[in-house]
Amino acid sequence: MRWKGMILMLLMLAFLMAPSEGNGEAAPAVGSAEIQAETAGSEEGKYVALTFDDGPRADTTERLLDGLKERGAVATFFLIGQQIPGNEALVQRMAAEGHQVGNHTYGHTRLKNADDQTILTEVAKTDTLLRELLGDGGYWLRPPYGQISQQGRSLVQVPMIQWTVDPEDWKLLDAEKVYQAVMKAVEPGAVILLHDFYPTSVDAALQVVDALQAQGYTFVTVQELFELAAEEAEPGCLYRAPGKAGYEY
Ligand SMILES: [Zn+2]
């Protein structure tokens, strides 16, 4: 049995590693981000991911989606499950417009010291809602407050992501200050944390998009940022960005 299993695995590996059919040349991996970069005249390698937590919220999230669409920018939304009922159309719009949709637990629960059952339930309830709305997919998790224990991570079947730039928009509640804080810290490959729950954060985000696009940046989803870095994000692993392991908060 063991040998049979090994042979099967080797056959599968050989199949996976075989060159693809066609003209004999592997097709370059062209993601939507690269297409966007070409059309927008952006500079190579200047990619950045805007991420929004704590939505959806009818008025603010809709205004943000309008603004991002106008600017040809995509982002990643980590949704609180209990806010999805009533906002289904907004969530579907996110996916339809190329944004990445992720999980921010059902009730914005601090997972750091939560027991296994709570972690599993909090993640699964939102995951189920997202699957019902958007179909099967890997809905990445952003643990509330960026906090999840080693034990907790081992229960999670998707990659987990924190951030590299935190302007503390929820504390500042001032679009200009949030904008300045982001601009001071941003660099290629950054994962920026904002909350579409606050009107001031929506204003700041759109200002950031305008300013960074003018500097040659292209906005991509978190998943695209990993793809562009040719890095496989592993289920059960916590990251801050491609090539950057998660922090213990
Ligand atoms: Zn949150």
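Residues numbered from 1 in each chain as written. Predicted model: local features only at pLDDT ≥ 70, side-chain atom pairs only at ≥ 80, totals over all residues.

### Description of the environment of Ala 49
Following the sequence through the fold, Ala 49 ends up in strand 1 (residues 47–55). Residues Ala 49 and Val 74, spaced 25 residues apart in sequence, show a C-alpha to C-alpha distance of 8.1 Å. Filtering out sequence-adjacent residues up to four positions away, Ala 49 remains in contact with Thr 76, Val 191, Ile 192, Val 220, Thr 221, Val 222 and Leu 225. (Helix = DSSP H or I, 4+ residues; strand = E, 2+ residues; numbered from the N terminus. Contact = placed C-beta atoms within 7 Å.)

### Brief notes about the packing of helix 3 (residues 58–71) against helix 4 (residues 88–96)
Where helix 3 contacts helix 4, the two axes come as close as 11 Å, and the packing angle between them is 20°. One element, helix 3, and the other, helix 4, form an angle in the roughly parallel class. When you trace helix 3 past helix 4, the crossing you get is left-handed. Facing Ala 58, Thr 61, Glu 62 and Leu 65 of helix 3, the residues of helix 4 in contact are Leu 90, Arg 93 and Met 94. (Axes fitted to C-alpha atoms, helices over the stretch in contact; angles between N-to-C directions. Parallel < 35°, antiparallel > 145°, perpendicular 65-115°, else oblique. Left-handed = near helix turned anticlockwise from the far one by under 90°.)

### Digging into the environment of Gly 246
For Gly 246, the location among the structural elements is in the segment after strand 8 (244–245). For the pair Gly 246 and Trp 163, spaced 83 residues apart in sequence, the C-alpha to C-alpha distance is 8.5 Å. If sequence neighbours within four positions are ignored, Gly 246 has contacts with Met 160, Gln 162, Leu 238, Tyr 239 and Arg 240.

### Focus on the pairing of strand 3 (residues 100–103)
Residues Gln 100 and Gly 102 of strand 3 are buried on one face, and the alternating residues Val 101 and Asn 103, pointing to the opposite face, are buried as well. Relative to strand 3, strand 2 (residues 76–79) runs parallel, the two sharing four bridges. Note on strand 3: the bridge partner recorded for Leu 79 is Asn 103. A crossover links strand 2 with its parallel partner strand 3, the connecting element being helix 4, and its sense is right-handed. (Buried ≥ 20, exposed ≤ 12 C-beta atoms within 10 Å, placed from the backbone. Pairing = 2+ DSSP bridges. Right-handed = clockwise from strand over helix to strand, strands pointing away.)

### Things to note about the sheet that holds strand 7 (residues 238–241)
What the three strands build is an open sheet, ordered 4-7-8; its pairing is mixed. The open sheet is flanked by strand 4 (160–161) and strand 8, the only strands paired with a single partner. Pairing of strand 7 with strand 8, which is carried by two bridges, proceeds in the antiparallel orientation. Bridging across to strand 8, Tyr 239 finds its partner in Ala 245.

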